[in-house]
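If you want the building blocks of each chain, they are given just below.
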Amino acid sequence: MLTAALAIVVTSCSDEPGTPTAASTHTTTTSASTGSVAPEDNALADIQPCDLLSAEEAKSLGLDSRGEPDDIAGTASCDWPQSGNGGLIVGIRPTRGISDLNYDTEKSSEVTIGKYDAVKVEEPNNGKALCQVLIAVSDSSSVQVIGSLKATSTDTAAACERATKAAELIAAKLP
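Anyway, here's the lowdown on the structure attached to this text. Keep in mind that what you see is a predicted model, and the values were worked out from it rather than measured.

Some points on the side chain of serine 153
Then comes step 1: Mapping serine 153 onto the fold places it in the loop between β7 (141-148) and α3 (156-171).
Then comes step 2: In terms of polar contacts, serine 153 uses its side chain to reach the backbone amide nitrogen of aspartate 155, at 3.0 Å.
Then comes step 3: Serine 153 has contacts with Lys128 and Ala129, leaving out every residue within four places of it along the chain.

Considering the state of the cysteines
Cysteine pairs can be linked by a disulfide, which is a covalent bond between their two sulfur atoms.
Then comes step 1: Under the criterion given, the structure shown has two disulfides.
Then comes step 2: The partner cysteine of cysteine 50 in its disulfide is cysteine 78, sulfur to sulfur 2.0 Å. Disulfide cysteine 50 to cysteine 78: torsion about the S-S bond roughly 100°, handedness right-handed. Residue cysteine 50 is located in the loop between α1 (2-11) and α2 (55-60), and its partner cysteine 78 is located in strand β2 (residues 75-81); the two are separated by 28 residues in the primary sequence.
Then comes step 3: On the basis of relative accessible area, cysteine 78 is assigned to the buried category, the value being 0%.
Then comes step 4: Across the disulfide, cysteine 131 is cross-linked to cysteine 160 (sulfur-sulfur distance 2.1 Å). Across the S-S bond linking cysteine 131 and cysteine 160, the dihedral sits near 95°, which makes this disulfide right-handed. Taken together, the residues cysteine 131 in strand β6 (residues 130-138) and cysteine 160 in helix α3 connect sequence positions 29 residues apart.

Digging into the pairing of strand β5 (residues 116-122)
Successive side chains on a regular strand alternate, one facing one side of the sheet and the next facing the other.
Then comes step 1: Burial runs high along β5: six of the seven residues are buried.
Then comes step 2: Following strand β4 (residues 107-113), the chain reverses through two residues before pairing antiparallel with β5; glycine 114 in that reversal takes a positive phi of roughly 60°.
Then comes step 3: When β5 meets β6, the two strands line up antiparallel, connected through five bridges. Bridge pairing in β6 places valine 121 opposite glutamine 132.

Reading the values: the criteria
- Residues numbered from 1 in each chain as written.
- Predicted model: local features only at pLDDT ≥ 70, side-chain atom pairs only at ≥ 80, totals over all residues.
- Heavy atoms only, no water.
- Helix = DSSP H or I, 4+ residues; strand = E, 2+ residues; numbered from the N terminus.
- Polar contact = N/O pair within 3.5 Å; in protein donor to acceptor, adjacent residues only side chain to side chain.
- Contact = heavy atoms within 4.5 Å.
- Disulfide = S-S within 2.5 Å.
- Buried < 20%, exposed > 50% of the residue type's maximum accessible area, 1.4 Å probe, protein only.
- Pairing = 2+ DSSP bridges.

Next comes the structure, spelled out in structure tokens:
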């Protein structure tokens, strides 16, 4: 379920020009500035997503499972599924910054995660049980953290709490 959610979110953020097709009725109130930190190009290329959270850190987020490496729509990812309660996915984008992703029709807000500018997207593609935090590692690279709850949940705040806490832990390990 969570992998399908990421695939929908990842594919909705295409490089193709045109009108986004997300069903969300929310509008963006702010946009992100991604220039606060500019590490060496491709600084994320050698980082494995599953290495960004330890077993202890995952447990602190309510996740009992081990991270499972995945490749979702060309994005190196790691999935921490939580039986009966969603989970967490972390995707590394070494060549795509936040400005390369299309969240114009989503409910988003600028946030700071560790030393990085970031964007929090609530209910991406109208998924009430989803929240993602996009960390701008540089103008041309980012890390995507998606927190989710069970599909029948409408507790976006809890999904955002999971995604934000995970993003804080992950940001401390980024270049």
